[in-house]
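The chain contents come next:
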Amino acid sequence: MPQLVPTSEDSRIYEWCVLYPYPMTQKEEQQVTKEVEGHFEEAGARQVAKDAWGRRGLAYSVGGFKEGNFTVYYYEMDPGKVKEVDNALRITKGVLRHIAVKPPKRYQVVQFSEAYVQWLKDRKTVEEQRAAAREEKVQEQIARRAKMKAKATAERKKTAKPAEQPLGEEALTEQIEKLISDDSVDL
Amino acid sequence: MAPPKKSHRPSDANRLARGGRPDPRLKKCPFCEHGTLYIDYKDYPALKPFIDYFGNIRKRYYTGVCLKHQKMLKTAVERARFMAMLAYRK
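Positions within a chain are numbered from 1, following the residues in the order the chain's sequence is written. Labels are handed out in written order, letters beginning with A for the chains and numbers beginning with 1 for the ligands. Only residues with pLDDT of at least 70 are given local features in this predicted model, and only at 80 or more are side-chain atom pairs given and counted; all residues enter the totals for whole chains, interfaces and linings. Derived side-chain values reflect all non-hydrogen atoms in the structure, with water molecules and hydrogen atoms excluded from consideration.

Trainee: Got a sec to walk through the overall build of chain A? Specific residues and values, please.
Mentor: Helix and strand assignments follow DSSP, with helices taken as H or I runs no shorter than four residues and strands as E runs no shorter than two, numbered in order from the N terminus. Within chain A, the regular secondary structure consists of four helices and four strands. Compactness check: chain A gives a C-alpha radius of gyration of 41 Å against a globular reference of 16 Å for 187 residues, more than 25% above the reference. Note that accessible areas follow from Shrake-Rupley with a 1.4 Å probe, and for residues the cover is restricted to the protein chains shown. Roughly 14000 Å² of accessible area belongs to chain A as shown, and the carbon and sulfur atoms make up 50% of that amount. When the 32 basic and 31 acidic side-chain charges of chain A are each reduced to a single mean position, those positions are 7 Å apart. Radius of gyration means the value over C-alpha atoms here, while the globule rule gives 2.2 Å times the residue count to the 0.38 power. Neither His nor the chain ends contribute to the count of charged residues, in which Lys and Arg are positive and Asp and Glu negative. Where a charge lies is defined by one atom per residue type: Lys uses NZ, Arg uses CZ, Asp uses CG and Glu uses CD.

Next comes the structure, spelled out in structure tokens:
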């Protein structure tokens, strides 16, 4: 990435971020960008780098638009001309917001259009991983519960078996006979 | 010379050993650890962890950011808010 170093002592490098509305016809877009870049050319600025972010959702609606199109320009220009360009951009139709920033020393231009997309991808994979881990945990819990249940039922069967043996018919009659024939029992 | 005052505050190791959470005052500045010289207002992923649900900047006490970087963060967040990259209020 290019490091921002002005060519002469009188000029300085400025970073301009311009927000255009998103649903825009190609013709309008071309017109607006041409106009904006024309303002810089009028001020005798030299473009060092440009970063077009493309469609991006806005945190709040600006001028009725919920989506915008960001473009970051790096211009080397005379510091006295900044105010002129700023005023010109302020009254340009099709520019929702703009900001001029003086980047610090040894600032390296980062293509945030790519960085943002990469971040979105990374975040997605992280979320997927997290979801997979959660799913695995739930599965493990279910398996453990099923095992416990099976164990509990097996144990219950073992303990319940001797008590559950029903008496056969013959044994029952034999016992009754015994009771009846028993003289010690006073019925 | 008077002997140095003894602190009654339990050390972090003690707190952890007792099953408590670490002392929030002992956090390290995440920007200093990376050697950050400038916080960019265009870098949404970098700003996001320092913004709470309502869009406010998190307190230094909770994030552990040093004063120098908190000031940088503030300017970055304010610029991002103006450019509608971050919300003023959710």
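Trainee: Please provide a residue-by-residue account of a negative patch on the surface, values included.
Mentor: All names here are of chain A. Negative charge collects at one region of the surface, where Glu9, Asp10, Glu41, Glu42, Asp78 and Glu84 lie side by side. Mapped onto the secondary structure, Glu42 falls in helix H1 (residues 26–42). We call a residue buried when its accessible area falls under 20% of the maximum for its residue type, exposed when it is over 50%, and partly exposed in between, using a 1.4 Å probe and counting protein chains only. For Glu42, a relative accessible area of 70% gives the class exposed. What goes into a patch is any residue over 30% in relative accessible area without a salt bridge, connected to like charges within 9 Å or, for nonpolar side chains (Val, Leu, Ile, Met, Phe, Trp, Tyr), within 5 Å. Salt-bridge detection follows one rule: a side-chain nitrogen of Lys or Arg within 4 Å of a carboxyl oxygen of Asp or Glu.

Trainee: Give me a nonpolar patch on the surface: which residues, what numbers.
Mentor: A cluster of nonpolar side chains, namely Leu167(A), Leu172(A), Ile176(A) and Ile180(A), defines an oily patch on the protein surface of about 380 Å² accessible area. Tracing the backbone through its elements, the reader meets Ile176(A) in helix H4 (residues 169–181).

Trainee: Describe the pairing of strand E1 (residues 12–21) of chain A, naming the residues involved and giving the relevant values.
Mentor: All names here are of chain A. Extensive coverage of E1 is indicated by the burial of nine of its ten residues. For two strands to be treated as a pair, DSSP must find no fewer than two bridges joining them. Bridge count between E1 and strand E3 (residues 65–77): ten bridges; the pairing is antiparallel. Across the sheet, the residue bridging to Glu15 is Tyr74, located in E3. By the bridge criterion, five bridges tie E1 to strand E4 (residues 97–101) in an arrangement that is antiparallel. Paired with Val18 across the strands is His98, a residue of E4.

Trainee: Can you explain the confidence of the model for chain A? Please cite residues and give values.
Mentor: The predicted model of chain A averages 88 in pLDDT, with 95% of residues at 70 or higher. pLDDT expresses, on a scale from 0 to 100, how confident the predictor is about each individual residue. The secondary structure element of chain A with the lowest average pLDDT is H4(A), at 87, and the one with the highest is E4(A), at 94.

Trainee: Account for the side chain of Asp40(B), with residues named and values stated.
Mentor: Residues and elements named next belong to chain B. Note that Asp40 resides in the loop between helix H2 (30–34) and helix H3 (44–47). A relative accessible area of 7% means that Asp40 is categorised as buried. A 3.5 Å cut-off defines polar contacts: any pair of N or O atoms within that distance qualifies, except that in protein one atom must be a possible hydrogen donor and the other a possible acceptor, and neighbouring residues in sequence count only when both atoms are side-chain atoms. Here the side chain of Asp40 touches Lys42 through a polar contact of 2.9 Å, side chain to side chain.

Trainee: Tell me what's going on with unusual backbone geometry, and back it up with residues and numbers.
Mentor: Peptide bonds are mostly trans, and most non-glycine residues show a negative phi. Although it is not a glycine, Arg106(A) adopts a positive phi angle of roughly 60°. With respect to the secondary-structure elements, Arg106(A) resides in the loop between E4 and helix H3 (112–164). Even without glycine at this site, Ala84(B) takes up a positive phi of about 65°. In this structure, Ala84(B) sits in the segment after helix H5 (67–82). Given the relative accessible area of 0%, Ala84(B) is considered buried.

Trainee: Please set out the sheet that holds E3(A) residue by residue, giving values where relevant.
Mentor: Pairing is antiparallel in the open sheet, where four strands are placed in the order E2-E3-E1-E4 (chain A). Looking along the sheet, the strands with just one partner apiece sit at the ends: strand E2 (46–62) and E4 of chain A. Neighbour-to-neighbour, the strand axes of the sheet open up by a mean angle of 20°, direction not taken into account. Here, two residues are considered to be in contact whenever any of their heavy atoms come within 4.5 Å of each other. For helices, the axis comes from a line fit to the C-alpha atoms of the stretch in contact; other axes are also lines fit to C-alpha atoms, and the angle between any two N-to-C directions lies between 0 and 180 degrees. Here H1(A) sits on the sheet in contact with E1, E2 and E3 of chain A, set at roughly 30° to E3(A). Against the sheet, H5(B) touches E2 and E4 of chain A, its axis set at about 150° to E4(A).

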